[in-house]
Amino acid sequence: MRLEFTKMHGLGNDFVVIDGIRQQIRLDEPALRHLADRHFGVGCDQILLVETPGDPAQALFRYRVFNADGSEVEQCGNGARCFARFVREQGLTEAREIPVETLGGRIVLHVEDDERVRVDMGRPEFAPERIPLVAEAEADAYTLDVQGHSITLGAVSMGNPHAVILVDDVARAPVAEIGPIIERHETFPRRVNVGFAALRDRRHVDLRVFERGVGETLACGSGAAAAMAVLRRRELVDDDVEVALPGGTLVLSWNGQAEAPVWLTGPATTVFNGWIDL
C-alpha cells in the first residue's frame, strides 16, 4: 500500500498526518508502529488520521489519534493544531472555525490570522468515573503508593486521562523513573498521561509530560490543559497561563467554571510531505 502523508509538529511534538478522505487507508497496529518507528519508518510521537465525520451536521471531520505503540487515544492538543493546519493546507476546507469529532468528544479548532491555532479543548472532567480513576470520592488531590513512596497528584480528563504532580523543578523531576509506573498504575484502568508541573508564578508554569503509550514528549497540549485545569481548580494560577514545555510555550485559558472549556493556543508547523510503501 502506497501511503501519502505529511510530517508536522507542534512545539516538537511530532506527527505523521494522513488524509483518509482522498485515499484508501488500511492501518493495523503493526503498520502504525512501523510508521512511528524513527529508524525503520517515518518517525513520530503520534499518527493523526483525517476522516469524514459520522454526523456532518455537527463536525467537518473526524479526528483520530494513534500513539507510537499503535494504540488509539481520545485526544491530543498539539495534534489538533496540526490537524487544523493540515486540512486547510491540503484544500480539504477553507474554514477558520473547524468543528471535529474525536474519540473523546467534539472539539472546535480556530485558525487565527497569524496561523496559530486556538483549540477549544472541552471542559475538564474531575469526577473519578469520567477520568477514569479508581477512587472513593472526587478530590482535588489523590495519594498513590509508588514503589513504597506516597505520591500526591491531581487527576482530570481533558478527553483523555491525566495525572498532574507538583514539583519544585521540572529539570530534576523523576519523569523517566516514575512516569511509566504511574502510567500503568492500577488506579488508572485505562492508563494515564503523567504531567510534572512547577509553578514559577500565577501566570507561568513549567511542565514535562510522560505520555501514555509514547513516553516523554517535547510538548503535550492536552497535558498543558490538564495542568492548567488542576492548578486553576486549586486557585494556584490565574485564568490565563503560559505553560513552558521542553519544545516551547503554549497559552492556556480557563476561568475555573465547571461548564467552561479550557482554551489552548499555539503554533503548528509543516515539515515535509512524502509517501511510504507499507
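What counts as what
Residues numbered from 1 in each chain as written. Predicted model: local features only at pLDDT ≥ 70, side-chain atom pairs only at ≥ 80, totals over all residues. Heavy atoms only, no water. Helix = DSSP H or I, 4+ residues; strand = E, 2+ residues; numbered from the N terminus. Expected span 1.5 Å × (residues − 1). Buried < 20%, exposed > 50% of the residue type's maximum accessible area, 1.4 Å probe, protein only. 1 Å grid on protein atoms, 1.4 Å probe; cavity = no way out; pocket = protein on both sides within 12 Å on 5 of 7 lines; lining within 4 Å. Points joined across faces, edges and corners; volume = space filled by probe spheres on them. Nonpolar A, V, L, I, M, F, W, Y, C, P; charged D, E, K, R; others polar.

A look at helix H2 (residues 77-89)
The terminal C-alpha atoms of H2 lie 19 Å apart, and with 13 residues this matches the ideal 18 Å at 1.5 Å per residue to within 8%. Most of H2 sits out of view: 11 of its 13 residues are buried. Within the span of H2, buried status applies to Gly77, Asn78, Gly79, Ala80, Arg81, Cys82, Phe83, Ala84, Arg85, Phe86 and Val87. Trailing H2 by a residue or two, glycine 91 shows a phi angle of about 75°, which is positive.

Some remarks on empty space enclosed by the protein
Summed over the entire model, instances satisfying the criterion amount to 1 cavity of 30 Å³ or more. Lining the largest cavity are Gln46, Asn67, Val73, Gln75, Cys76, Asn160, His162, Asn193, Glu211, Arg212, Cys220 and Ser222. The residue makeup of the lining of the largest cavity, split by class, is 3 nonpolar, 7 polar and 2 charged.

Regarding the layout of surface pockets
For the largest pocket, the calculated volume is near 270 Å³. Residue lining of the largest pocket: 20 residues in total, with Gly104, Gly105, Ser157, Met158 and Gly159 positioned closest to the centre. The element best represented in the lining of the largest pocket is strand S7 (residues 105-111), accounting for 3 residues. Here the lining of the largest pocket is composed, by residue class, of 6 nonpolar, 8 polar and 6 charged. Looking at the second largest pocket, its volume works out to about 170 Å³. Lining of the second largest pocket is provided by Glu4, Phe5, Thr6, Asp19, Arg22, Gln23, Phe86, Gln90, Asn273 and Gly274. The set of elements that each furnish at least two residues to the lining of the second largest pocket consists of strand S1 (2-10) and strand S18 (269-277). In terms of residues, the lining of the second largest pocket owes the most to one element, S1, which gives 3 residues. Split by residue class, the lining of the second largest pocket holds 2 nonpolar, 5 polar and 3 charged.

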